[in-house]
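# Coordinate inspection notes
The chain contents come next:
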Amino acid sequence: MNVTMDRTDTHERVAPPPARLSMTPVGPVPGLLDGAWWPRSRDLLRELPALTDVLDARWGRITRVSVNPAQWPVIPRKVPATGHTVHVGWFTEEQDPHKLILLSYTAGRWDLLVIPPETGAAAASRLMAAAATPGGLLTASGLMADETAAHEAREDLSQEEEWETDGGPAAGGAGRAGSRQARRIARRPLLAPNTATSS
């Protein structure tokens, strides 16, 4: 029996794709977030080097990051970056699950919204713009909740418009409120025949 060994160096670092990042413009009114980051996966070893490559040039060397383990299945203690190592810490209750905290000895601290990798491009674009708004007062989880609520509202409206084009009540009738009520009634399950006997 012959065995073939692959002697490829698995420790060789492959250049990661550029980080998807939006930053709050420098201004006199600080907000709760300094921008947003949309990683391509939930693998910190793979994702952090691309982020630190961009931020090291802007802010000075990033030395530490802190995450919430709710969004990251594996949290390495150290991540190799270009020319240095980034130490990774985590907090469960103390840190917003959708926020990444970055620390630099030379420039201070930054807080970024972390947009889940599976987020669609349109939603990610809205979230990146919202997180980069100067003086923003929403937390990372607040922005995510707002986007979820807006998505559900758009979905409800789309279903309502589709229902009206399929023969549901027209705007000349009870309007949207009436069509919403009619739709709820139409979705109710049929009741089972009454099997109780009267006495």
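Everything quoted here is computed from the prediction, not taken from an experiment. (Residues numbered from 1 in each chain as written. Predicted model: local features only at pLDDT ≥ 70, side-chain atom pairs only at ≥ 80, totals over all residues. Heavy atoms only, no water.)

## Regarding the pattern of salt bridges
Counted according to the given criterion, the structure contains five salt bridges. R109 is paired through a salt bridge with D111; the nearest N and O atoms lie 2.8 Å apart. By relative accessible area, R109 is classed as partly exposed at 46%. Linked through salt bridges whose partners overlap, the residues forming this network are K99, R109 and D111. (Salt bridge = Lys/Arg side-chain N within 4 Å of Asp/Glu carboxyl O. Buried < 20%, exposed > 50% of the residue type's maximum accessible area, 1.4 Å probe, protein only.)

## Some details on the nonpolar core
If you look at the biggest cluster of nonpolar residues, it comprises 22 residues, and the most contacted ones within it are W37, L48, L51, L55, V65, L100 and L102. At six residues, helix α1 (residues 44–59) tops the list of elements feeding residues into this core. Aside from chain neighbours lying at most four places away, what touches L100 is W37, L51, V65, S66, V67, Q95, W110, D111, L112 and V114. (Core = buried A, V, L, I, M, F, W, Y, C linked by side-chain atoms within 4.5 Å. Helix = DSSP H or I, 4+ residues; strand = E, 2+ residues; numbered from the N terminus. Contact = heavy atoms within 4.5 Å.)

## Some thoughts on the confidence of the model for the protein
In the predicted model, the protein carries a mean pLDDT of 80, and the fraction of residues at 70 or more is 71%. Across residues 1–11, confidence stays below pLDDT 50; counting only partners more than four residues off in sequence or on other chains, it has zero contacts. Segment residues 172–199: pLDDT under 50, and 16 contacts once partners within four positions in sequence are set aside and those in other chains are kept. (pLDDT = per-residue confidence, 0-100.)

## Thoughts on the sheet that holds strand β2 (residues 35–37)
Here we have seven strands laid out as an open sheet, ordered β1-β2-β7-β6-β3-β5-β4, and mixed in their pairing. Looking at which strands have only one partner, the edges of the open sheet turn out to be β1 (21–23) and β4 (78–81). Neighbour-to-neighbour, the strand axes of the sheet open up by a mean angle of 25 degrees, direction not taken into account. Where strand β3 (residues 64–67) and strand β5 (residues 84–90) come together, four bridges link them in parallel fashion. Looking at the pairing, V67 lines up with W90 of β5. Set on the sheet, α1 makes contact with β1, β2, β3, β4, β5, β6 (99–104) and β7 (108–114); between it and β4 the angle comes to about 55 degrees. Packed on one face of the sheet, helix α2 (residues 121–131) meets β1, β2 and β7 and runs near 145 degrees to β2. (Pairing = 2+ DSSP bridges. Axes fitted to C-alpha atoms, helices over the stretch in contact; angles between N-to-C directions.)

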